[in-house]
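A look at the structure
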Amino acid sequence: MRRKMSGNVRFITETAVIAAIYAVLTLVLAPFSFGPMQVRVSEALCVLPFFTPAAVPGLFIGCFIANATTVGVGVFDMIFGSLATLAAAFVTYKIKNGGKWLLPLPSVLINAFVVPWILITQYGVTDAYWYLALTVGVGQAIACYAIGMPLYFVLNRNRKAIFAR
C-alpha cells in the first residue's frame, strides 16, 4: 500500500514539475513560442516520455497552461495545440526500442501538420497550409533535435539518479 501511494505521489509530482517547466519556458520565451515561424524551446522536453510516463500528461498540461494564459491565443490553439502535444507525447512514450533519434519525430511531425491547421482556422490565413507546415516543422525540428537531443543525452547519462523507480 505504501509503495503504491509513494508511486502515485511521484507520478503526480513529476507530472506537475514537467507541466510547470513546459509552461514557464513557453511563456518566458513567448516571442519565439507562437506564430507561423516558432521555435517553442519547451518542445525540447518532448524526449521526456522516453524516461517517465508522467511526461505524457505533464507536457499536455504545460502546453494547455501556456496556451490558455497567453493573450491572443484562441480556443483552437488551447484545445487542439494541447491535444497535438498530448498525441506526440504518447507516441514518444510508445517508442521504446525504435532508436533515440526517433524520439523527437512525433512532436515534429504532429505539430507540423496540426499547428498550421490551427493557424489557418483561428486566424483566417488562407492558402498557406504547406508553407506553415514547413515553417512550423522547421521550428519544431530545431527545438526537438537541436535542444531536445542534447537534453536526452544528459538525462540518459543520469537516468538512474533522476528517474529511478
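Anything mentioned here points back to the structure above.
Report follows, based on the coordinates. Just so we're clear, the structure is a prediction, and the values are computed from it rather than from any experiment.

Criteria and cut-off values
Residues numbered from 1 in each chain as written. Predicted model: local features only at pLDDT ≥ 70, side-chain atom pairs only at ≥ 80, totals over all residues. Heavy atoms only, no water. Helix = DSSP H or I, 4+ residues; strand = E, 2+ residues; numbered from the N terminus. Buried < 20%, exposed > 50% of the residue type's maximum accessible area, 1.4 Å probe, protein only. Polar contact = N/O pair within 3.5 Å; in protein donor to acceptor, adjacent residues only side chain to side chain. Contact = heavy atoms within 4.5 Å. 1 Å grid on protein atoms, 1.4 Å probe; cavity = no way out; pocket = protein on both sides within 12 Å on 5 of 7 lines; lining within 4 Å. Points joined across faces, edges and corners; volume = space filled by probe spheres on them. Nonpolar A, V, L, I, M, F, W, Y, C, P; charged D, E, K, R; others polar. Phe/Tyr/Trp six-rings, centres within 6.5 Å; stacked < 30°, edge-to-face > 60°. Core = buried A, V, L, I, M, F, W, Y, C linked by side-chain atoms within 4.5 Å. Patch = residues over 30% accessible without salt bridge, like charges linked within 9 Å, V, L, I, M, F, W, Y side chains within 5 Å. Areas by Shrake-Rupley, 256 points an atom, 1.4 Å probe, with all protein chains shown as cover. Salt bridge = Lys/Arg side-chain N within 4 Å of Asp/Glu carboxyl O.

Our next topic: the side chain of T15. Along the chain, T15 falls in helix 1 (residues 2–28). Taking the relative accessible area as the measure of exposure, T15 reaches 9% and is therefore buried. Only 3.3 Å separates the side chain of T15 from the backbone oxygen of A54, close enough to count as a polar contact. The residues contacting T15, other than those within four sequence positions of it, are A54, P57, G58 and I61.

Once that is clear, we can look at empty space enclosed by the protein. Within the structure shown, the criterion is met by 1 cavity of 30 Å³ or more. The calculated volume of the largest cavity comes to roughly 40 Å³. If you go around the largest cavity, the residues you meet are Y22, S42, E43, L45, C46, L59, T85, A88, A89 and S107. Broken down by element, the lining of the largest cavity gets its largest block of residues, 3 residues, from helix 4 (residues 75–94). Its residues assigned to classes, the lining of the largest cavity shows 6 nonpolar, 3 polar and 1 charged.

Here the focus is the packing of aromatic side chains. Evaluated as defined, the whole model comprises 11 aromatic pairs. Taken together, a centroid distance of 5.7 Å and an interplanar angle of 65 degrees make the contact between F50 and Y152 edge-to-face. Note that F50 is positioned in the loop between helix 2 (30–33) and helix 3 (55–68) and Y152 in helix 6 (residues 129–157), a separation of 102 residues in sequence. For the residue pair F50 and Y152, the accessibility class agrees, reading buried in each case.

Take the nonpolar core next. Core analysis: the largest hydrophobic core is formed by 21 residues, its most contacted members being V47, L48, F51, L59, L103 and Y152. The set of elements that each furnish at least two residues to this core consists of helix 1, helix 3 and helix 6. The contacts of V47, once residues within four sequence positions are left out, are L103, P104, G148, M149, L151 and Y152. Judged by nonpolar contacts, the second largest core, of 5 residues, contains V115, L119, A128 and L132.

A few words now on the environment of L109. Mapped onto the elements of the fold, L109 is located in helix 5 (residues 105–123). Exposure remark for L109: the relative accessible area of 42% places this residue in the partly exposed category. Sequence spacing of L109 and Y152 is 43 residues, and the spatial spacing of their C-alpha atoms is 19 Å.

What follows concerns a nonpolar patch on the surface. Judged by side-chain polarity, V75, F76, I79, F80, L83 and W117 come together as a nonpolar surface patch covering roughly 510 Å² of accessible area. Looking at the nonpolar patch, the element that brings in the most residues is helix 4, giving 5 residues. If you trace the backbone, F76 turns up in helix 4. Here F76 falls in the partly exposed class, since its relative accessible area comes to 33%.

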